[in-house]
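Chain by chain, the residues:
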Amino acid sequence: MRTVAYYRSSTNLQEHSVEMQKTMAFKTAREKLLVIEDQYPDPFISARQVTMKDRPELKRLMDDIKKGRVQNLLVYKRDRLARLATEYMHIYRFLKEHQVNVIFTADNEHPLSYTAVGEFFEVLMAGVIQREGEQIAKRIRDSKISKFLAKQYAGKVPFGYHINKHVKENEVQERIVQTPGDIEIARELYDLVLSQHFESLNEIKKYFDRQELSRKVVKKGQVVKERNWEVADIYNILSNPLYMGKHIMTFEGAGEFEATYEGIAIVTVEEWEKVQELLPNMITKRERDKEKIVYHMEGLLFCSVCKEPLIAKDRMRQGVNVGMYECTHEAHNCKVRQEHVETLVLERAKTFFSTMVMANINDLIERYRSTNAERLQRQIKTLSSEIEERKNQMVKRADQYLRTSDTSKKGELTDKLLKLYEQTSTVQKEYDAFIDLLAEVEALSARPKQLADNLAEFLETMQEREPDEIRLLFRDIVACVDVSPKCIDITFKHPYVVSKDVLTDVAT
Ligand SMILES: [Zn+2]
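Note that the coordinates shown come from a computational prediction; the quantities given were computed from them, not determined experimentally.

Definitions and limits used
Residues numbered from 1 in each chain as written. Predicted model: local features only at pLDDT ≥ 70, side-chain atom pairs only at ≥ 80, totals over all residues. Helix = DSSP H or I, 4+ residues; strand = E, 2+ residues; numbered from the N terminus. Buried ≥ 20, exposed ≤ 12 C-beta atoms within 10 Å, placed from the backbone. Contact = placed C-beta atoms within 7 Å. Pairing = 2+ DSSP bridges. Axes fitted to C-alpha atoms, helices over the stretch in contact; angles between N-to-C directions. Expected span 1.5 Å × (residues − 1). Arc of directions from axis to C-beta. Core = buried A, V, L, I, M, F, W, Y, C linked by C-beta atoms within 7 Å. Parallel < 35°, antiparallel > 145°, perpendicular 65-115°, else oblique. Left-handed = near helix turned anticlockwise from the far one by under 90°. Nonpolar A, V, L, I, M, F, W, Y, C, P; charged D, E, K, R; others polar. pLDDT = per-residue confidence, 0-100.

Enquirer: Describe the overall build of the protein, listing the residues and the values that go with them.
Expert: The helix and strand tally for the protein stands at 16 helices and 16 strands. Taking all 508 residues of the protein together, 21% fall into the buried category. Restricting the contact set of the protein to residue pairs at least 6 apart, pairs at least 24 apart contribute 66%.

Here it is in structure tokens:
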């Protein structure tokens, strides 16, 4: 039977390094007159992303415990064992089963015990550990964003650039710099497009082939092979904003960020934008011909006679393929051209939403917002005192548990405690949902202006949008469109109506 120590550090946090945990373990061992006979370090492993099974030293530790070789286990804190609540409870029960004496080496870490109340406490702690892990993940993401904004390039480096490492004030800094030889080729590509002598990217590819210009494939600073230029390579270079010095990146859950790099641009913003304008027409004609008519408003148009949705249909008109929305009942004579109705709706939407901003409808929305916000706040208050009440009850029961020596009573109290814990988390979830809802309602007054602004921007860049994006936009702004042989009635999703939807959810 031995004393051992387990350490784990995740990739991004210095303060919990394996070295520090080791120091703490030896300090505690000295104090308790124990001798550490084996150590199990899992460095640079995020317990949020890597499951228990993939932590080699944890696995070895658990194998040794199974073989009965471990009596005392020194660990810095609970969160070193696991970050996910379920994994934590799994490890806790495993340690309990083998009666391993766990000693935490961090100050203030509540001791681990295998009594029923102890186990109940661990259930609570498992939740806390997981939540902390999530917050740390968010902090790391935020620090990635701030690094990004501080112009420390992250991600795949495009053709013509490489990363230059240098040490400044004892810190390794990574800078993106031009690769001589390659960067001139990238600049030539932009010049070729701007000259407008080439009709397609494929022609540029052939031009490069004729010059026997090859594309070097570099891995870890070494040219691993050379091959012909492909249309996709050319397209990637011409559409990447880094060539005008801008790096645009999307961070999960936080949206899009832009950083500008000095001294790496090879084209001006104007040149880059001109190329973006020319690019769509330089994708080979054959590919363009294959393009089908895209129906962006399917499911939003209805026949005014039978109220059924109109069906999308390709029709031949004077030898040209034309997109139509039609009622399946031919007698209703209810049909409209796809191009015509979609343009009309967008035009009307633009006017509608900007008029709404002008018409000071904000007063109305504000009144609506404040009454609903009040209602929600009342609900939140009730729930929060309910949570408080349950927590008090838990403390009371735990106290009763500690005072009684009657085993059957202890079992009964444990059941009650666990039930209370479950109830509290249910109320907590409800509470969180109301908080989210309140934020939505609070954001309401900004909605018409936002919609008008977004719409104006969207309409300007319509050509570059993906069909799915356009479909989503229609669903965002249009409630329904009634089509009769004589007229088209558009009902927009009014922010007022949208918020009413939100509140029906609250009432139920
Ligand atoms: Zn009909």
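Next comes the rest of the write-up.
Enquirer: Go over unusual backbone geometry with me, naming the residues and quoting the values.
Expert: One non-glycine residue, glutamate 212, lies in the positive phi region at around 55°. Mapped onto the secondary structure, glutamate 212 falls in the loop between helix 7 (201-210) and strand 7 (214-219). Judged by the 7 C-beta atoms lying within 10 Å of it, glutamate 212 falls in the exposed class. Located in the positive-phi region is lysine 307, a residue other than glycine, with phi close to 65°. Relative to the assigned elements, lysine 307 resides in the loop between strand 11 (301-303) and strand 12 (311-317).

Enquirer: Account for the sheet that holds strand 11, with residues named and values stated.
Expert: The sheet built from three strands is open, its strands ordered 11-15-16 with mixed pairing. Looking along the sheet, the strands with just one partner apiece sit at the ends: strand 11 and strand 16 (488-492). For this sheet, the mean angle separating the axes of adjacent strands, direction not counted, is 20°. Pairing geometry for strand 15 (residues 478-483) and strand 16, over five bridges, is antiparallel. In the sheet register, aspartate 482 faces strand 16, and the bridge partner there is aspartate 489.

Enquirer: Let's hear about helix 4 (residues 85-97): which residues, and what values?
Expert: With 13 residues, helix 4 extends 18 Å from end C-alpha to end C-alpha; this agrees with the ideal 18 Å at 1.5 Å per step. Considered for burial, the residues of helix 4 that qualify are Glu87, Tyr88, Ile91, Tyr92 and Leu95. Viewed end-on, helix 4 has its buried residues packed into an arc of 135°, placing them on one side of the element. In helix 4, the exposed residues that point more than 90 degrees away from the buried face are Thr86 and Glu97.

Enquirer: Give me the pairing of strand 6 (residues 171-178): which residues, what numbers.
Expert: As paired elements, strand 5 (residues 161-168) and strand 6 share eight bridges and run antiparallel to each other. The residue of strand 6 that forms the bridge with asparagine 164 is arginine 175. Here strand 5 folds back onto strand 6, and the loop between the two strands holds two residues, one of which, glutamate 169, carries a positive phi near 50°.

Enquirer: Talk me through the nonpolar core; I want residue IDs and the actual numbers.
Expert: Tyr6, Leu73 and Tyr88 are the most contacted members of the largest nonpolar core, which has 25 residues in total. Of all the secondary-structure elements, those providing two or more residues to this core are strand 1 (2-8), helix 1 (18-31), helix 2 (56-66), strand 3 (70-75), helix 4 and helix 5 (116-149).

Enquirer: Describe the packing of helix 7 against helix 8 (residues 231-239), naming the residues involved and giving the relevant values.
Expert: Helices that pack against each other are described as a pair by the angle of their axes relative to one another and the distance between those axes. Close contact between helix 7 and helix 8 brings their axes to 9 Å; oriented N to C, the two are set at 110°. Taken as axis vectors, helix 7 and helix 8 run roughly perpendicular relative to one another. As for how helix 7 packs across helix 8, the hand of that crossing is right-handed. Note on element contacts: helix 8 touches helix 7 through Val231, Ile234 and Tyr235, opposite Leu201, Asn202, Ile204 and Lys205.

Enquirer: Could you give an account of the sheet that holds strand 12, naming the residues involved and the relevant values?
Expert: Sheet architecture is open: three strands sit in the order 12-13-14, paired in antiparallel fashion. The open sheet is flanked by strand 12 and strand 14 (335-337), the only strands paired with a single partner. Direction aside, the axes of adjacent strands within the sheet are offset by 40° on average. Pairing analysis gives three bridges linking strand 13 (residues 320-326) to strand 14, with the strands arranged antiparallel.

Enquirer: Can you lay out the packing of helix 6 (residues 182-195) against helix 8 for me, pointing to particular residues and giving the numbers?
Expert: The N-to-C vectors of helix 6 and helix 8 enclose an angle of 85°; their axes lie 10 Å apart at closest approach. In terms of orientation, helix 6 and helix 8 fall into the roughly perpendicular class. On helix 8, the residues that touch Ala186, Leu189, Tyr190 and Val193 of helix 6 are Ile234, Ile237 and Leu238. Here the contact of helix 6 with helix 8 is composed, by residue class, of seven nonpolar, no polar and no charged.

Enquirer: Tell me about the pairing of strand 1, and please be specific about residues and values.
Expert: The side chains of a regular strand alternate between both faces of the sheet. With respect to burial, strand 1 is a largely interior element, five of its seven residues being buried. Looking at chain direction, strand 1 and strand 3 are connected through five bridges and run parallel. Along strand 3, the bridge assignment pairs valine 4 with leucine 73. Two strands pair when backbone bridges link them, and strand 1 and strand 2 (residues 36-42) are joined in this way by six bridges, in the parallel orientation.

Enquirer: Lay out the confidence of the model for the protein in plain terms, naming residues and giving numbers.
Expert: Of the residues in the protein, 87% have a pLDDT of 70 or more, and the chain-wide mean is 81. Every residue in residues 496-508 is under pLDDT 50, and counting partners more than four places away or in other chains gives 11 contacts.

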